[in-house]
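If you want the building blocks of each chain, they are given just below.
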Amino acid sequence: MTSVSMTVNGKSVNADVEPNTLLVQFIRENLRLTGTHVGCDTSQCGACTVHVNGDSVKSCTMLAVQADGSDVTTIEGLASGDDLHPMQTAFRENHGLQCGFCTPGMIMSAVDLVKRNPNPTEETIRKELEGNICRCTGYHNIVKSVKDASEKMGG
Amino acid sequence: MSVENGIGVSVKRKEDQRFITGNGKYLDDINKFGQTHGHFLRSPYAFAKIKNIDLSAAKTAPGVVDIFTGADMTADGIGGLICGWGINSKDGSPHVAPPHPCLATDTVKHVGDQVAFIVAETLQQAKDAAELIDVDYEELKSVTDVRQAAAAGAPQVHEEAAGNQCYDWEIGDKAAVDAAFTNAHHITKIDLINNRVSPNPMEPRAALGEYDPGTGEYTLHTTSQNPHVARLLLSAFVGVAPENKLRVIAPDVGGGFGTKIFLYAEETTAVWASKRVGRPIKWTADRSESFLTDAHGRDHATHAEMAFDADGHILGFRVSTKANMGAYLSTFASAVPTYLYATLLNGQYKMPCIYAEVQALFTNTTPVDAYRGAGRPEATYVVERIMERAARDMNMDPTELRLKNFIQPDAYPYETPVIMTYDTGDYPLTMTTAKDMIDYTGFAARKAKSAANGKLRGIGSSAYIEACGIAPSAAVGSLGAGVGLWESAEVRFNPTGSVTVFTGSHSHGQGHETTFAQLIADQLGVPFESIEVVHGDTTKVPFGMGTYGSRSLAVGGSAITKAADKIVEKAKKIAAHLMEASADDIEHSHGVFSVAGTDKQLTIGEIAFAAYVPHNYPADLEPGLAENAFYDPLNFTFPAGTHIAEVEIDPDTGVVEVVDWAAADDFGNVINPMIVEGQVHGGVAQGIGQALLEGVVYDDDSGQLLTGSYMDYCMPRADNFPNFRVETTNTPCPSNPLGVKGCGEAGAIAAPAALMNAITDALGKEIDMPATSEKVWRAAQNA
Ligand code: FES
Ligand code: FES
């Protein structure tokens, strides 16, 4: 067991974990933050995307101990209280989700995408979302959501 | 009068709030006190005899609670999995349904077949213990390809199935078709492979079984599209527990696409074993297990011939298909290549006669069953590929050949030679709409421009029809279905006027919580926010057949409407009493009940309160305002339309860019246009995925699955698609009270043929799906 401490959604957390515990397991199983999902075992689907020190990271590719001392944001920490993040609102307004399973990872990736590309073209959005798989929407409305959010976020 | 958040409005979805904030409750998000973890030891071989299983080292491994094999289940009287639809061969004999044990007993028949179930304190301990199980296998020669399975001397997957045949079935009039071909002016022939695909809902399958020794009740949480059907199968056939002692809950489910209809070995074993270990057991598939065990889709090899007269009118159609069933018959597998496939081979056309024969075969592969569209995409693929080929053979524009042969809008009801009665439609309209959307006439100029840039441009259409909203119970019963295909609903007013709707349909992305609430908002005038839709729990919902075959609105929504009608009927009587009028004089409109010719009126909320606080109430009426309804449809519904794809191919790389897509669909009346559009997008994306990127591949020799992860199985990504143009036309369905047809599968049905026709147009030659860049490049080099 190794002890890890980090800030998750603004709260500091400590735990003893097995050294091979993935960050996604730590988030889901230790912290019971189940909004971060697991959709694959080869780091391809992006369902597990969270922010570590402000950058999007597939939390299945990182060990919990590697995140020691970091500032982690999960989908549960994206809104400020009852005020949804513009990306969350845009996904609802543009029907950017169906079953919702890919959605937390998609939203976390999209927030990072807009941070890096404040005024993304459709092509940029499609390219940047290459690491997130959605089986339901055909991506059409996801692209629309991200574009809409980028405009609202003042890009 | 249109109602706020009522029928026809693109209401934003109720369910989204929990999903966008990470508060959805998918199966793996649920944990129980004292929970253990289950893991399956799976066969590494495609086909092998099990000579011995030695559990001794594994049983004493750290954290192991217990380990089960097939022998334990048999000893406990647990049966195997069944197929719920009986198909008879040409000679009248029933299909061959070999035993399908949850845990293998003496042989394993595909890579990933379950051999043992390890229950441990942690998942890691269960996996570690699995490594200590010593299985003595005798490997056998396997067969995975459907054509090879049919060949003489092929390895025999099941002793019961000579020549690997499950059935050899036929439909239509062979003699009439033979005669039509004799008189034909032109005959077009085609050979097609409909590639095997893996459905890949993003949430992997999972199960959480528990047993309460106090009540003797089992509870199974499972990723199911139809929890009541799972309960029925687990009770009546597998024998886990009687229905009244078994509760099945399907919570938020992350996509299904057919693959979560079926009852699988894993959930069955997990719920059964929970009593044996006396603690809850959770099993969650990792993606590799999903590839190995989620029922696959398609996998047909087809030869088809179509006969035409000198004017290009169809004279007859002849189809012969080999369908791969995989190693075992999955829950509805037998129906997919027969009654869900060959009955749609008439397409949108006037075909005087059709004859189709389908041979279903066992192979050493994952079982194949319904995948989005289920049989209808395969039918559309055959019909629309051959129509396009025939047009080219006869030097006609493919859309003109279709327009010439379409069933006309005044010809309904239209009986096809393959037992369907189309109820309504306007095929010329959807075709011309799609052509306008994509500027069909401007294509030649666009092609020239592409050519100037060294690119090959192509355009291709697909005029599909499907039968959905399955289905009239008596009709499917006469065709061999083991179940009724009605739906149930309860509309329950609470005393303060809010409403809870219980539906037997199950939402796993379709947005029922929104669409069904719109129905009630419209029909009963209840504010949208005051309506809750409950689904997915056999203890809460009276009964249900679940969601598949684009049936939720046409059948489930009709059941809700029927229950709402009963509410209105009763509310009229209460209103009449309260307003001292005769029930015959009460008029109802969107939840307002008024006495004809007066200004006296009551709202449904006031009436609901009176029904639960019946101080001033009709003497002969029961208190309360809650009504149940079962709805059994009168006919299938027949959504139809035309999709047109435009592609640009780089001959130097073989990369196909889908540059434009036009979808004109007739879904009848539309309740929520936003949701319907989303369903079309998703369906088209899955269809393009199948045509362009996806394909399950087995090694011919070893039978190993070569596409077992997202590293090898190419899932479509955002940059594989254009924006889709989507429009709907509307000929209301006459056979259900809502006039709706169903939209969930249309895109997946239409898309593969449209895309492959466009690629054929660009290349000037035909290739099989998936049109990977390698295949396209090779074809372009030899062009
Ligand atoms: S679960 Fe992390 S990428 Fe799929
Ligand atoms: S919404 Fe279902 S996977 Fe994206």
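What counts, and where the lines are drawn
- Residues numbered from 1 in each chain as written.
- Chains lettered and ligands numbered in written order.
- Predicted model: local features only at pLDDT ≥ 70, side-chain atom pairs only at ≥ 80, totals over all residues.
- Heavy atoms only, no water.
- Helix = DSSP H or I, 4+ residues; strand = E, 2+ residues; numbered from the N terminus.
- Rg over C-alpha atoms; globule rule 2.2 N^0.38 Å.
- Buried < 20%, exposed > 50% of the residue type's maximum accessible area, 1.4 Å probe, protein only.
- Contact = heavy atoms within 4.5 Å.
- Areas by Shrake-Rupley, 256 points an atom, 1.4 Å probe, with all protein chains shown as cover.
- Lys, Arg positive; Asp, Glu negative; His and termini not counted.
- Charge placed at Lys NZ, Arg CZ, Asp CG, Glu CD.
- Salt bridge = Lys/Arg side-chain N within 4 Å of Asp/Glu carboxyl O.
- Polar contact = N/O pair within 3.5 Å; in protein donor to acceptor, adjacent residues only side chain to side chain.
- Nonpolar A, V, L, I, M, F, W, Y, C, P; charged D, E, K, R; others polar.
- Domains from an automatic or database assignment.
- Buried area = accessible area lost by both parts, 1.4 Å probe.
- Expected span 1.5 Å × (residues − 1).
- Pairing = 2+ DSSP bridges.
- Patch = residues over 30% accessible without salt bridge, like charges linked within 9 Å, V, L, I, M, F, W, Y side chains within 5 Å.
- Disulfide = S-S within 2.5 Å.

Caption draft 1: Just the overall build of chain A, in detail. Scanning chain A for helices and strands turns up five helices and five strands. Against the compact-globule benchmark of 15 Å for 155 residues, chain A has a radius of gyration of 15 Å, which places it among compact chains. Out of the 155 residues belonging to chain A, those deemed buried represent 57%. Contacts spanning at least 24 positions in sequence make up 57% of the contacts within chain A whose residues lie at least 6 apart. Of the roughly 6000 Å² that chain A leaves accessible, carbon and sulfur atoms contribute 44%. Charged side chains in chain A number 13 positive and 18 negative. The centres of these two groups are separated by 6 Å.

Caption draft 2: Structural detail: the overall build of chain B. The helix and strand inventory of chain B stands at 20 helices and 28 strands. For 783 residues, the compact-globule estimate of 2.2 N^0.38 gives 28 Å, and the C-alpha radius of gyration of chain B, at 27 Å, lies within 12% of that figure. In terms of overall dimensions, chain B has C-alpha extents of about 85 × 75 × 50 Å along its principal axes. Partitioning the intrachain contacts of chain B with sequence separation of at least 6 by distance along the chain shows that 81% fall at a separation of at least 24.

Caption draft 3: Fine view of the interface of chain A and chain B. Listed by partner, the interface residues are 44 residues for chain A and 52 residues for chain B. Scanning the region where chain A abuts chain B turns up three salt bridges. For the pair chain A and chain B, the number of links is 29 residue pairs in polar contact (both at pLDDT 80 or more). Mapped onto the side of chain A that touches chain B, the elements with two or more residues apiece are α2 (86-93), α3 (103-116), α4 (122-128) and α5 (140-152) of chain A. Class assignment of the residues belonging to the side of chain A that touches chain B gives a composition of 16 nonpolar, 17 polar and eleven charged.

Caption draft 4: How the structure looks around the domain arrangement of chain A. Residues and elements named next belong to chain A. Taken as a whole, chain A is organised into domain 1 (2-77) and domain 2 (86-152). Taking the mean C-alpha position of each, domain 1 and domain 2 sit 21 Å from one another. The interface of domain 1 with domain 2 comprises 18 residues on the first partner and 14 residues on the second. Among the residues of domain 1 in contact with domain 2, H37, H51 and I75 are the three that bury the most area, contributing 40% of the side total. Taken together, the connections running from domain 1 to domain 2 amount to one salt bridge. Here K115 ties to D55 by a salt bridge, and the two come within 3.1 Å at their closest N and O atoms. Seen at the junction of domain 1 and domain 2, the total is nine residue pairs in polar contact (both at pLDDT 80 or more). Every element with two or more residues in the side of domain 1 that touches domain 2 is listed here: β3 (49-52) and β4 (55-58). Its residues assigned to classes, the side of domain 1 that touches domain 2 shows five nonpolar, eleven polar and two charged.

Caption draft 5: Region of interest: α5(A). If you check α5(A), its first and last C-alpha atoms are 19 Å apart, about what 13 residues at 1.5 Å a residue would give, namely 18 Å. Among the residues of α5(A), those classed as buried are A:H140, A:N141, A:I142, A:V143, A:S145, A:V146, A:D148, A:A149 and A:S150.

Caption draft 6: Inspection of the pairing of strand β26 (residues 640-649) of chain B at higher detail. Residues and elements named next belong to chain B. Of all ten residues in β26, ten are buried; the element is thus mostly enclosed. Burial of β26 is two-sided: the residues A640, T642, I644, E646 and E648 facing one way and the residues G641, H643, A645, V647 and I649 facing the other way are all buried. Where strand β18 (residues 456-465) meets β26, ten bridges bridge the pair, whose relative direction is antiparallel. Looking at β26, one finds that G460 is bridged to A645. Here ten bridges tie β26 to strand β27 (residues 656-666), and the two strands are oriented antiparallel to one another. Paired with G641 across the two strands is D665, which belongs to β27. Between β26 and β27, which pair antiparallel and follow one another directly, the connecting turn spans six residues, one of which, G654, has a positive phi of 75°.

Caption draft 7: Looking closely at a negative patch on the surface. Residues and elements named next belong to chain B. A surface patch of negative charge is lined by D54, D134, D136 and E138. Counting residues per element, the negative patch draws most heavily on strand β6 (residues 134-139), which supplies three residues. Along the chain, D134 turns up in strand β6. Take D134: its relative accessible area is 47%, and that puts it in the partly exposed class.

Caption draft 8: Local environment of the state of the cysteines. All names here are of chain B. In the structure shown here, the tally under the stated rule is zero disulfides over all chains. The thiol sulfur of C468 is not disulfide-bonded, and the nearest other cysteine sulfur, from C743, lies at 8.6 Å. In this structure C468 comes out as buried when scored by relative accessible area, which is 0%.

Caption draft 9: Up close: the domain arrangement of chain B. Residue and element names in this part refer to chain B. Domain boundaries assigned for chain B yield domain 1 (31-140 + 205-284), domain 2 (300-471 + 635-781) and domain 3 (486-631). Taking only C-alpha atoms into account, the centre of domain 1 sits 40 Å from that of domain 3. On the side of domain 3, 14 residues touch domain 1, which itself brings 18 residues to the contact. Counting every contact that joins domain 1 to domain 3 gives one salt bridge. A salt bridge links D537 to R247; the shortest N-O distance between them is 2.6 Å. Connecting domain 1 to domain 3 are twelve residue pairs in polar contact (both at pLDDT 80 or more).

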